[in-house]
Amino acid sequence: MAISEEQKVAAVHRLSVMSEQHPERKRRVADARLELVAAILAMDAVEARIQAGEKIYSFQEQAAVELAKNARAQALADLLRGEH
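What you see is a predicted model, and the numbers here were worked out from it, not measured in a lab. (Residues numbered from 1 in each chain as written. Predicted model: local features only at pLDDT ≥ 70, side-chain atom pairs only at ≥ 80, totals over all residues. Heavy atoms only, no water.)

### Points about helix α3 (residues 60-81)
Next up, step 1: The end-to-end C-alpha separation of α3 is 31 Å, in line with the 32 Å expected for 22 residues at 1.5 Å each.
Next up, step 2: Turning to α3, its buried residues number three or more, namely Val65, Lys69, Leu76, Ala77, Asp78 and Leu79.
Next up, step 3: A positive phi of about 75° marks Gly82, the residue just after α3. (Helix = DSSP H or I, 4+ residues; strand = E, 2+ residues; numbered from the N terminus. Expected span 1.5 Å × (residues − 1). Buried < 20%, exposed > 50% of the residue type's maximum accessible area, 1.4 Å probe, protein only.)

### Thoughts on the side chain of Asp78
Next up, step 1: You can see Asp78 is positioned in helix α3.
Next up, step 2: For Asp78, a relative accessible area of 11% gives the class buried.
Next up, step 3: A polar contact of 2.8 Å, which involves the side chain of Asp78, links it to the side chain of Gln74. (Polar contact = N/O pair within 3.5 Å; in protein donor to acceptor, adjacent residues only side chain to side chain.)

### So, the nonpolar core
Next up, step 1: Grouped together as the largest cluster of nonpolar side chains are 6 residues: Met18, Val29, Ala32, Leu36, Leu76 and Leu79.
Next up, step 2: Taken together, the elements giving at least two residues each to this core come down to α2 (23-51) and α3.
Next up, step 3: The greatest single-element share of this core, amounting to 3 residues, is contributed by α2. (Core = buried A, V, L, I, M, F, W, Y, C linked by side-chain atoms within 4.5 Å.)

### What about the packing of helix α1 (residues 5-21) against α3?
Next up, step 1: Two elements in contact, α1 and α3, have axes whose closest approach is 10 Å; the angle formed by their N-to-C orientations is 65°. By the angle class used here, α1 and α3 are roughly perpendicular. Along the contact surface, α1 presents Arg14, Leu15 and Met18, while α3 presents Leu79, Leu80 and Arg81.
Next up, step 2: A breakdown of the residues in the contact of α1 with α3 according to their chemical character gives 4 nonpolar, no polar and 2 charged. (Axes fitted to C-alpha atoms, helices over the stretch in contact; angles between N-to-C directions. Parallel < 35°, antiparallel > 145°, perpendicular 65-115°, else oblique. Contact = heavy atoms within 4.5 Å. Nonpolar A, V, L, I, M, F, W, Y, C, P; charged D, E, K, R; others polar.)

### Overview of the side chain of Lys69
Next up, step 1: Residue placement: Lys69 occurs in helix α3.
Next up, step 2: The residues touching Lys69, leaving out its near neighbours within four places in the chain, are Leu36, Ala39, Ile40 and Met43.

### Details of α2
Next up, step 1: For α2, with 29 residues, the first-to-last C-alpha span of 42 Å sits near the 42 Å given by 1.5 Å per residue.
Next up, step 2: Where α2 terminates, the next one or two residues include Gly53, which has phi positive at roughly 100°.

### Quick word on the packing of α2 against α3
Next up, step 1: Where α2 meets α3, the closest approach of the two axes is 9 Å, and the angle between their N-to-C directions is 160°. One finds that α2 runs roughly antiparallel with respect to α3. Considering the relative orientation of α2 and α3, their crossing is left-handed.
Next up, step 2: Partitioning the contact of α2 with α3 into residue classes produces 14 nonpolar, 1 polar and 10 charged. (Left-handed = near helix turned anticlockwise from the far one by under 90°.)

What follows is the structure, encoded as structure tokens:
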């Protein structure tokens, strides 16, 4: 799914308004974004190990990283929607 410039502008506006109205959420959003990036990097590291030829017989590690990424993405979405 491609994100349009209009959608990016709307997202920036949403973050700005939310930060002004709820200053404590600014920190929580920053934390959630950082955790999401860390989960994505961990997922990429597992993929890089696989691409490098390492045999990962258990998909538990990959699944755990994917679940962490999804949970953090959902937490960020909830914050942006004002649900937490």
